[in-house]
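# Notes for the structure review
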Amino acid sequence: MHLLRLLSIPALTAVFVAVPVLWALPEGLTFWRTLAIVLGWGGCGLLLASLLLILRETALAHSLGGLERMYRWHHFVGVGAYLLLLAHPLALAADAWQESPHLAWQLLSPVSQGWPVWLGWISLLFLMSGLAVTFSAKVPYRTWRWLHGVLSIGVLFGMLHLVLLGISEAVIAAVLLAVLLLAWRVIRVDLGTAARPFVVQSVDRIADAVVEIALRPLSAPVASAAGQFVLVAFFDGAAFRGCREYHPFTVSSIQPDGQISIGVKSLGDCTQMIQSVEVGVAARVQGPFGVFLAERPPGPELWVAGGIGITPFIALLRESSPRWPTTLLYLYRRETDAAFLNELRTLAAAAPLLSLKAIATGGDVPDLPSMLPDSTTLAGWHCYLCGPPALITGVRQVLVERGVKTDHIHFERFDFR
Amino acid sequence: MMRTLYFSATLVFWLAVASFRIVLISFPGAEKTAAIAADKIISPAELARHALPSDCWMAIRGNVYDLTSYLPNHPSPPNIVLPWCGKDATEAYNTKTKGRPHSPYADELLAKYRIGTLGKNVR
């Protein structure tokens, strides 16, 4: 990944923290009070940075290294903000402790305070409960998504806490920025105004529990490339009822007229419903996102696909044959589960530089060391991995053991929780 | 890892909050340590002579406080607080934040800076 894009999120986060902290940095106060102020404003800056990272704008995601990277950093930065904001009242209490233990408790106890401090506590409790839900693996995605939104209420209460403390009129800038970022996210993403209208053009069953859906744009098309994904919501048809939720799907083909195809595997309630989608159903598409196969340096390549993870590679092969020696290792449980398998065999037969190794693993854990090329062959190769997280972790481990540099191993995790 | 960090930090936070309370219950002597200032009568004229950031007295609810050392700690910007140096700031103290008074925490903090009682010919 380009160095500027690699540094973009850390640099932005540093600016979001440095500006309020330097603005509010006091002089001549005790250590604990100074620390409390720095923690409070640092936490506020991190909260604002985490809000910026939940915007789903194609240009923003591209300059920040991809949506998946933005979401990963959103998690780091959000938890960082929570840690600083937890420590903020404790540092204030530690400062009051210098005067007397009673004063320290007076400061911490919500009972003995007014609205400015109550709002601080309410904000902290919202952040605490919102994060508890965020880290709960048992909550279904649909419920989880709504409960995760509780965190934004915590942010708004935190901003009100700042306003009622009466620190300065400049605080309004932080409040306005938080409201703007949240409104942007809700209007553009959750209400779908950033999405474009499409219609289902064709539906092909390409394997058990996998369909390939062609979508025709009704207005401007999305400018996607192989390896990218789009977020698609399906609406109602004559007999079909869409779940109307935006889910990420990798693009499997891109036509010159703007028509795109996506591979959809039944992995949950919504994707199960999509298996029976009809021609003519309205859909909305956000994107494209992702930098998985972008800026590939010239040279031999290893592609490893697990199950529906074959989709970005079929998109690439449908565009053109590889110009460098390329090995595609495609792992699936059974032949009936293997999406695009026959087409891949045809494409491989016509591509002299492509070596296809399609392997049915059954129910067993694949013996990756025997399937992957040896260290001599892999020297200087770039490796692109797409599949279930356990497969990516396993393949990555073998490749590193065989001397492949970590910056030569490319993958994206599609975990939006 | 993030999950573990969240749960550990939350636990440590509540343990720390509980510790402040437990110490207070365990050592009743620590409950009230506010200094008791001598009951000196301070006239409005004398109060008015301490109207600088480097020498700031204020009268609040009939008592006079030397807030010089506290001023840097006050969360509001200087232009909110400094104009009250050398004056009776009771009204400002009672109507902070949309008409609401300062908190009991502030009352207790204030007690530490008390230096006397305001003469009766004011207000």
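This text goes with the structure placed above it.
Owing to the predicted nature of the structure, the values given are computational and were not obtained by experimental measurement.

The next subject is the overall build of chain A. A tally of helices and strands in chain A yields 15 helices and eleven strands. Projecting the C-alpha coordinates of chain A onto the three principal axes gives extents of approximately 80 × 55 × 35 Å. When burial is assessed residue by residue, chain A has 42% of its 417 residues classed as buried. Excluding contacts between residues fewer than 6 apart, the proportion of contacts in chain A whose partners are at least 24 apart in sequence is 72%.

On to the sheet that holds strand β9 (residues 354–360) of chain A, then. Residues and elements named next belong to chain A. Read from one edge of the open sheet, five strands run β9-β8-β7-β10-β11, paired in parallel fashion. The outermost strands of the open sheet, each flanked by one partner alone, are β9 and β11 (409–411). When the angles between neighbouring strand axes are averaged without regard to direction, this sheet yields 15°. Sheet topology places strand β7 (residues 301–306) next to strand β8 (residues 326–332); six bridges connect them, and they run parallel. Residue pairing in the sheet places G306 in a bridge with L331 of β8. Sheet strands touched by helix α15 (residues 389–401): β7, β8, β10 (382–386) and β11. Its angle to β10, the strand with the most contacts, is close to 160°.

The subject of this paragraph is the pairing of strand β3 (residues 229–234) of chain A. A regular strand places its side chains on the two faces of the sheet in alternate fashion. Residue and element names in this part refer to chain A. Across the six residues that make up β3, a large majority, five, are buried. Relative to strand β6 (residues 282–289), β3 runs antiparallel, the two being bridged by five bridges. The partner of F234 across the bridge, within β6, is A283.

Reading the values: rules and limits
Residues numbered from 1 in each chain as written. Chains lettered and ligands numbered in written order. Predicted model: local features only at pLDDT ≥ 70, side-chain atom pairs only at ≥ 80, totals over all residues. Helix = DSSP H or I, 4+ residues; strand = E, 2+ residues; numbered from the N terminus. Buried ≥ 20, exposed ≤ 12 C-beta atoms within 10 Å, placed from the backbone. Contact = placed C-beta atoms within 7 Å. Pairing = 2+ DSSP bridges. Axes fitted to C-alpha atoms, helices over the stretch in contact; angles between N-to-C directions.

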